[in-house]
2 protein chains.
Amino acid sequence: MSILVVGSVAFDSIQSPAGKVEKCLGGAATYFSLAASYFTKVRVIAVVGEDFTAEHENVMKKRGVDTSGIERASGNTFHWSGSYVENLNEAKTLATDLNVFEKFNPKIPAAYKDSDFLFLANIDPVLQNTVRKQMNGVRLVGGDTMNYWITGHTANLIETLKGVNVLLINDGEAKLLAKESNLMRAAQKILTFGPKALVIKHGEYGATVFFGPGSFGGGTHPFRAPAMPLAEVVDPTGAGDCFAGGFMGYIASQDEINREVLKRAMFYGGVMGSFAVEKFGTQRLQELSREEIDARFQIFREISHIE
Amino acid sequence: MSILVVGSVAFDSIQSPAGKVEKCLGGAATYFSLAASYFTKVRVIAVVGEDFTAEHENVMKKRGVDTSGIERASGNTFHWSGSYVENLNEAKTLATDLNVFEKFNPKIPAAYKDSDFLFLANIDPVLQNTVRKQMNGVRLVGGDTMNYWITGHTANLIETLKGVNVLLINDGEAKLLAKESNLMRAAQKILTFGPKALVIKHGEYGATVFFGPGSFGGGTHPFRAPAMPLAEVVDPTGAGDCFAGGFMGYIASQDEINREVLKRAMFYGGVMGSFAVEKFGTQRLQELSREEIDARFQIFREISHIE
């Protein structure tokens, strides 16, 4: 099954306790695509500038990602600069140069319209909704968002969420979106906005998926997947997007979409997120094998399952 | 198998978003005893004042707890007053009246010396060590501590930890004790201080047990147990002590002490902690049945296990 992802392709300049890198390939759509590429066919819609070279594109192409939906505009590619030196759990943004991304107006190539799955990475909810409405019979729509859209573009986001089947956000975003400090109650409220499942990511503590009433075969309890306890985190950038890529990619690789599939998808999400942070930028995501991924899946199982 | 717990029996005055209570029965040894009593025989060493009535003692006695080691001193019982109104995850201490607890000098009744398990609740590490040294052939020593002892009585605590087999603390305490902000590295360092296993509690995100090299049958990976996502937390007081009670109590109920037993004990710890917060004080811990406990254990399994 094919997944279409719409989002940013960017250059990131990152500082962390482990060192620093300048203008390495990044962006939510890039991380998502690479992570999902180990499970299924991936297509990308994004915009890049003149500084985006064939070498950059090859990072995705080598993983079999269809990059024909990446539009080239005059100007520079979106550039983000951030630091994790003081806090590995939260990036301090040093600079955001939107560049060509400022006027991003996603166009869906005809050949992409039959994609089976759609992932709306973190962009303006109005654009997310426009893309979603243009698709033909997508089986499942996943989506992401962030504080900026939650607080400043609330009505647009709420409208978009009506068409999102699985929303993936973190604790802080969930509490902000629901205006509710208890996570369980926040989840219950968000599930009334449209999504049939809500994945809340807890960083180093794992993630929880909450199910809407009767969704995905029923079951009243949420499901918690662990994160890998890591002695070193080199660069947390893209961990959330890789979680989404592993999660959506695994679902797209399965015949049925049910609760058990979503539970395993939570594990694969955590697995891909755990690889992402081991090296700067997308480096670790370029060099994996499915065997390595499945070996780590087994570790996730061992660290969370009793006999 | 019998467990001896040494720690505080207290009166707590608690405010939370759910309401307030005045001078209800509390204290680490009380919560621990009640939680562990559903699994095994429990004996308590503590000190109380003249305001501690037969009715208070009966709360423990009704659960079969041996209270003959509770010493009566002239003066009032330890009284703690705290509020969770602003933050359910961390108590704001409003008042601490140590009263008779200030001169607590635990004496071990002869009949207690053969206890199979020992739990050193959060008291002065010098007292913890004195108690531990007086015991005959304990199978496993569990212990707790807090920031106050970690920062102000470091040398004494490090000395005491040499004799503690399983230390149970929270994230903040672990990082402070190890002087290390990465949790995995903090755990690895603490495991060189003496404990063969270290349980780090993450509040609403569950808990992780880290094993020392070759301890409890080996295995290199830590183990993570979930916490129950709860729509309402009435009173978080004692949740950590109930975790310890469920954890140690379950271990004491088993013939062998190995990695699998410790993993299941992590689940029972989480289960008892999840009950503790449902009502003010020790109320919920007084009225449980083993059937309710095992039903919740199954829920913990469902919310964390894939097929």
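Since the model is a prediction, treat every value here as computed from it, not as a measurement. (Residues numbered from 1 in each chain as written. Chains lettered and ligands numbered in written order. Predicted model: local features only at pLDDT ≥ 70, side-chain atom pairs only at ≥ 80, totals over all residues. Heavy atoms only, no water.)

Novice: Give a detailed account of helix α3 (residues 125-134) of chain B, specifying residues and quantitative values.
Specialist: Those residues of α3(B) that fall on the buried side of the exposure criterion are P125(B), L127(B), Q128(B), N129(B) and V131(B). With a side-chain oxygen positioned 2.9 Å from the backbone nitrogen of V126(B), the residue opening α3(B) is D124(B). (Buried < 20%, exposed > 50% of the residue type's maximum accessible area, 1.4 Å probe, protein only. Helix = DSSP H or I, 4+ residues; strand = E, 2+ residues; numbered from the N terminus. Polar contact = N/O pair within 3.5 Å; in protein donor to acceptor, adjacent residues only side chain to side chain.)

Novice: Hey, could you go over the packing of aromatic side chains for me, with residue numbers and the actual values?
Specialist: All told, the structure shown has 27 aromatic pairs over all chains when counted by the stated rule. Here the aromatic rings of Y268(A) and F297(A) are separated by 4.3 Å at their centres, their planes lie at 25°, and the arrangement is stacked. Here the residue Y268(A) occupies a position in helix α9 (residues 259-276), and F297(A) occupies one in helix α11 (residues 290-302), the gap between them amounting to 29 residues. Of the two residues, Y268(A) and F297(A), neither departs from the other in class, the shared state being buried. Ring geometry for F267(B) and F297(B): centres 5.8 Å apart, planes at 55°, overall tilted. Remark: F297(B) occurs in helix α11 (residues 290-302) and F267(B) occurs in helix α9 (residues 259-276); sequence separation between them is 30 residues. Each member of the pair, F267(B) as well as F297(B), carries the same accessibility label: buried. For R63(A), the ring lying beneath its charged end belongs to Y38(A), and the centroid distance is 3.7 Å. The lysine or arginine in question, R296(B), covers the ring of F275(B), its NZ or CZ lying 4.0 Å from the ring centre. (Phe/Tyr/Trp six-rings, centres within 6.5 Å; stacked < 30°, edge-to-face > 60°. Lys NZ or Arg CZ within 6 Å of the ring centre and 35° of its normal.)

Novice: Can you break down the environment of S81(A) residue by residue, with the values?
Specialist: All names here are of chain A. Counting through the fold element by element, S81 comes out in strand β6 (residues 79-83). Along the backbone, S81 and L191 are 110 residues apart, and their C-alpha atoms lie at a distance of 34 Å. If we skip the residues at most four places from it in the chain, S81 touches S13, K92, T93, L94 and A95. (Contact = heavy atoms within 4.5 Å.)

Novice: Mind laying out the sheet that holds strand β5 (residues 70-72) of chain B, listing which residues take part and the relevant values?
Specialist: All names here are of chain B. In space, the nine strands of this open sheet follow the order β5-β4-β1-β8-β9-β10-β11-β12-β13, with mixed pairing throughout. The sheet is open, and its two edges are formed by β5 and β13 (223-225), each paired on a single side. If you compare each strand with its neighbour and ignore which way they point, the axes differ by 20° on average. One ladder, built from five bridges, connects strand β11 (residues 197-201) with strand β12 (residues 207-211); its direction is antiparallel. Its bridge partner being in β12, K201 is matched across the sheet by A207. Sitting on the sheet, α3 touches β1 (2-6), β8 (117-120) and β9 (140-143), and the angle it makes with β8 is about 170°. Sheet contacts for helix α8 (residues 239-252): β1, β8, β9, β10 (166-170), β11 and β12; angle to β8, the most-contacted strand, approximately 170°. (Pairing = 2+ DSSP bridges. Axes fitted to C-alpha atoms, helices over the stretch in contact; angles between N-to-C directions.)

Novice: Outline the side chain of T67(A), supporting the account with residue identities and numerical values.
Specialist: Residues and elements named next belong to chain A. With respect to the element layout, T67 can be found in the loop between α2 (54-61) and β5 (70-72). Side-chain polar atoms of T67 contact the side chain of E57, separated by 2.7 Å. Apart from residues lying up to four places away in sequence, T67 is in contact with E57, M60, K61 and Y112.

Novice: Please set out the interface of chain A and chain B residue by residue, giving values where relevant.
Specialist: In this complex, chain A contributes 34 residues to the contact, which on the side of chain B involves 34 residues. Across the chain A/chain B interface, buried area totals approximately 3,200 Å², and carbon plus sulfur atoms make up 54% of it. Across the chain A-chain B interface, the total number found is zero salt bridges. Across the chain A-chain B interface, the total number found is 22 residue pairs in polar contact (both at pLDDT 80 or more). Listing elements by their share of the side of chain A that touches chain B, those giving two or more residues are α6 (171-178), α7 (183-190), β13 (223-225), α9 and α11 of chain A. Taken together, the residues that form the side of chain A that touches chain B break down as 16 nonpolar, six polar and 12 charged. (Buried area = accessible area lost by both parts, 1.4 Å probe. Salt bridge = Lys/Arg side-chain N within 4 Å of Asp/Glu carboxyl O. Nonpolar A, V, L, I, M, F, W, Y, C, P; charged D, E, K, R; others polar.)

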